[in-house]
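Residue-level structure breakdown
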Amino acid sequence: MLNKERRAGDRHDCNGDYFFSPDSRNQKYSCLLKNVSVTGACILTEFPLKNDDQITLHVCLGKDIELKSSVVWKKNDLYGLLFELETPEAFDNISYLINNRPV
């Protein structure tokens, strides 16, 4: 049986190391951005996260992009993030990330 796709936007594959920081800007952790969509992303990290954790995903891609996110699923070291789209800047950052992502 195939899993029904629940994602609102298309996924775009990404390659490269990125950083995110839970709650504190002083502590950043390494992660790999596996894919990104308009509404969220999938990251791989050894740092343990829990569902509903609030994080800020940092992506350096010509400019420093910060995306407030919450963890919505986890499978081993893979985590699904849902972006918190609270400002026009958040929409601009997601658009920039998708349009300038590594191929």
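Residues numbered from 1 in each chain as written. Predicted model: local features only at pLDDT ≥ 70, side-chain atom pairs only at ≥ 80, totals over all residues. Heavy atoms only, no water.

1. Observations regarding the overall build of the chain
When its secondary structure is counted, the chain shows one helix and seven strands. Element order for the chain, N to C, with α for helix and β for strand: β-β-β-β-β-β-β-α. When the 103 residues of the chain are sorted by exposure, 36% land in the buried category. Counted over contacts in the chain with a minimum sequence separation of 6, partners at least 24 positions apart contribute 50%. On the chain, roughly 6,800 Å² of surface is accessible, and the fraction owed to carbon and sulfur atoms is 48%. (Helix = DSSP H or I, 4+ residues; strand = E, 2+ residues; numbered from the N terminus. Buried < 20%, exposed > 50% of the residue type's maximum accessible area, 1.4 Å probe, protein only. Contact = heavy atoms within 4.5 Å. Areas by Shrake-Rupley, 256 points an atom, 1.4 Å probe, with all protein chains shown as cover.)

2. Digging into the pairing of strand 6 (residues 64–75)
Across seven bridges, the pairing between strand 5 (residues 54–60) and strand 6 is antiparallel. In the sheet register, His58 faces strand 6, and the bridge partner there is Glu66. Remark: three residues form the turn of the hairpin made by strand 5 and strand 6, two consecutive strands paired antiparallel; Gly62 in that turn has positive phi of roughly 85 degrees. Judged from the six bridges that link them, strand 6 and strand 7 (residues 78–83) form a sheet pairing that is antiparallel. When the bridges of strand 7 are listed, Lys75 appears paired with Leu78. Here strand 6 hands over to strand 7 after two residues, with Asn76 in that stretch at a positive phi of 55 degrees. (Pairing = 2+ DSSP bridges.)

3. Quick look at the pairing of strand 7
In terms of strand pairing, strand 4 (residues 40–44) meets strand 7 through five bridges, oriented antiparallel. Pairing of Cys42 across the sheet is with Gly80, part of strand 7.

4. Some remarks on the nonpolar core
Counting residues in hydrophobic clusters, the biggest one holds 20 residues, and the most contacted among them are Leu33, Ile43, Leu57, Val59, Leu67, Phe83 and Leu97. Contributing elements (two or more residues each) for this core: strand 3 (29–36), strand 4, strand 5, strand 6, strand 7 and helix 1 (88–99). Once you skip the residues sitting within four places of it in the chain, Phe83 turns out to touch Val36, Ser37, Val38, Thr39, Gly40, Ala41, Leu57, Leu67, Lys68, Ser69 and Ile94. (Core = buried A, V, L, I, M, F, W, Y, C linked by side-chain atoms within 4.5 Å.)

5. Focus: helix 1
The end-to-end C-alpha separation of helix 1 is 17 Å, in line with the 16 Å expected for twelve residues at 1.5 Å each. Buried within helix 1 we find Ala90, Asn93, Ile94, Leu97 and Ile98. Each buried residue of helix 1 lies within a common arc of 130 degrees when the element is viewed along its axis, so the set occupies one face. The exposed residues of helix 1 that point more than 90 degrees off its buried face are Pro88, Glu89, Asp92 and Asn99. (Expected span 1.5 Å × (residues − 1). Arc of directions from axis to C-beta.)

6. Some points on a nonpolar patch on the surface
Where nonpolar side chains cluster on the molecular surface, the patch consists of Val72, Trp73 and Leu82 and spans about 250 Å² of accessible area. Tracing the backbone shows Val72 in strand 6. (Patch = residues over 30% accessible without salt bridge, like charges linked within 9 Å, V, L, I, M, F, W, Y side chains within 5 Å. Salt bridge = Lys/Arg side-chain N within 4 Å of Asp/Glu carboxyl O.)

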